[in-house]
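Reading the structure
Here is how the chains run, residue by residue.
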Amino acid sequence: MSNILEINHITIKYGKSIAVAGISLKIPEGGIVTLIGSNGAGKSTTLNATLGMVPLTDGSLTFQGEDITNISTAERVKKGLALVPEGRHLFPYLSVYKNLLLGATQRTDKQGIAEDLEFVYNLFPKLKDRSKQKAGTLSGGEQQMVAIARGIMSNPKLLCLDEPSLGLAPVVIEDVGRKIKEINQKRGTSILLVEQNVHLAFGVAAYCYTLQVGKLVAEGPIDEIREKDAVRKAYFGG
Ligand SMILES: Nc1ncnc2c1ncn2[C@@H]1O[C@H](COP(=O)(O)OP(=O)(O)O)[C@@H](O)[C@H]1O
Ligand SMILES: [Mg+2]
């Protein structure tokens, strides 16, 4: 299977401090991969650098076999990368509909935009009901749905999600997990899910990378990690 994205030995510094130290990740075409780690591990830095919003100090990025290390964020979005940022970053005083359209600003295919709008309204019927409502008046869970839907509006091949569970109640997090799977299954969109919520990450992804203070400390298929976890629990009781 070919990889849609390859992150090759990237290092990212803020001034003199190293946030990400020579990490490599592969996202298979059509797959769901998660990058987990605690606060400050370097998860957002990695995603933001993948989108070209934070410069790499070292390393490279390959998207669909093409080196994208030195192209702009807008060009990366045109090629099929999208980010649902940490904390949603909606325009609270704009309607849901207008927030959604902001995801399609790099596109010119009107027909495709209309189809994708229909797709996200089918995926999140509540957003259709509230399309004219100001985004800032929605619940946290609904705002996360708007952020994800806006990401889909660029018709990405790879959707990067930065901690979609942040600040949401467990039942809402379950729902977010189901929607992420549905996007992957119905559109074939590859997913890179950054999370601190291991329950959500393991419920959705097939492969996991674990980041600790800027370094990858573990990786493997979710099934294997689960098995190890079950063994650990059986022997050590926790
Ligand atoms: N804009 C920035 N300037 C300086 N340091 C930053 C900046 N953004 C993040 N950092 C630092 O980089 C490290 C990784 O942060 P981040 O990528 O946000 O981690 P995570 O998303 O895993 O919580 C942290 O030590 C954080 O304080
Ligand atoms: Mg973060």
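One can find the structure itself at the top, above this paragraph.
Predicted model only: the values in this text are computed from it and were never measured.

Further remarks concern the overall build of the protein chain. Per the secondary structure count, the protein chain includes 9 helices and 10 strands. When the backbone C-alpha atoms are referred to their principal axes, the protein chain occupies close to 50 × 45 × 35 Å. Counting over 238 residues, the protein chain shows a buried share of 48%. Looking at the protein chain alone, contacts between residues at least 24 apart form 69% of all its contacts between residues at least 6 apart.

Attention now moves to the coordination of the magnesium ion (ligand 2). Coordination of the magnesium ion (ligand 2) by the protein involves S44 (OG) and E86 (OE), with metal-donor separations of 2.1 Å. Remark: E86 occurs in the loop between β6 (81–84) and α3 (96–101) and S44 occurs in helix α1 (residues 43–50); sequence separation between them is 42 residues. Relative accessible area serves as the criterion here: at 32%, E86 is assigned to the partly exposed category.

A word on the packing of helix α4 (residues 110–123) against helix α7 (residues 170–187). Here α4 crosses α7 at 140°, and the two axes come no closer than 11 Å. Comparing the axis directions of α4 and α7 gives the class oblique. For the crossing formed where α4 meets α7, the hand is right-handed. Residue-level inspection shows D116, F119 and L123 of α4 in contact with α7, the latter providing K179, E182, I183, K186 and R187. When grouped by side-chain class, the residues that make up the contact of α4 with α7 number 3 nonpolar, no polar and 5 charged.

Here we take up the site of ligand 1. Every residue near ligand 1 is listed here: Y14, A19, S38, N39, G40, A41, G42, K43, S44 and T45. Taking G40, its main chain carries an N or O atom lying 2.7 Å from an oxygen atom of ligand 1. In the model, an oxygen atom of ligand 1 is placed 2.7 Å from a nitrogen or oxygen of the K43 side chain. In isolation ligand 1 offers 550 Å² of accessible surface; the protein chains occlude 56% of this area. When residues of the shell around ligand 1 are assigned to their parent elements, the largest contribution, 3 residues, is made by α1. The residue inventory of the shell around ligand 1, partitioned by class, reads 3 nonpolar, 6 polar and 1 charged.

About the thresholds
- Residues numbered from 1 in each chain as written.
- Chains lettered and ligands numbered in written order.
- Predicted model: local features only at pLDDT ≥ 70, side-chain atom pairs only at ≥ 80, totals over all residues.
- Heavy atoms only, no water.
- Helix = DSSP H or I, 4+ residues; strand = E, 2+ residues; numbered from the N terminus.
- Buried < 20%, exposed > 50% of the residue type's maximum accessible area, 1.4 Å probe, protein only.
- Contact = heavy atoms within 4.5 Å.
- Donors = N, O, S within 2.8 Å, 3.2 Å for Na, K, Ca; no water.
- Axes fitted to C-alpha atoms, helices over the stretch in contact; angles between N-to-C directions.
- Parallel < 35°, antiparallel > 145°, perpendicular 65-115°, else oblique.
- Left-handed = near helix turned anticlockwise from the far one by under 90°.
- Nonpolar A, V, L, I, M, F, W, Y, C, P; charged D, E, K, R; others polar.
- Near = heavy atom within 4 Å.
- Polar contact = N/O pair within 3.5 Å; in protein donor to acceptor, adjacent residues only side chain to side chain.
- Areas by Shrake-Rupley, 256 points an atom, 1.4 Å probe, with all protein chains shown as cover.

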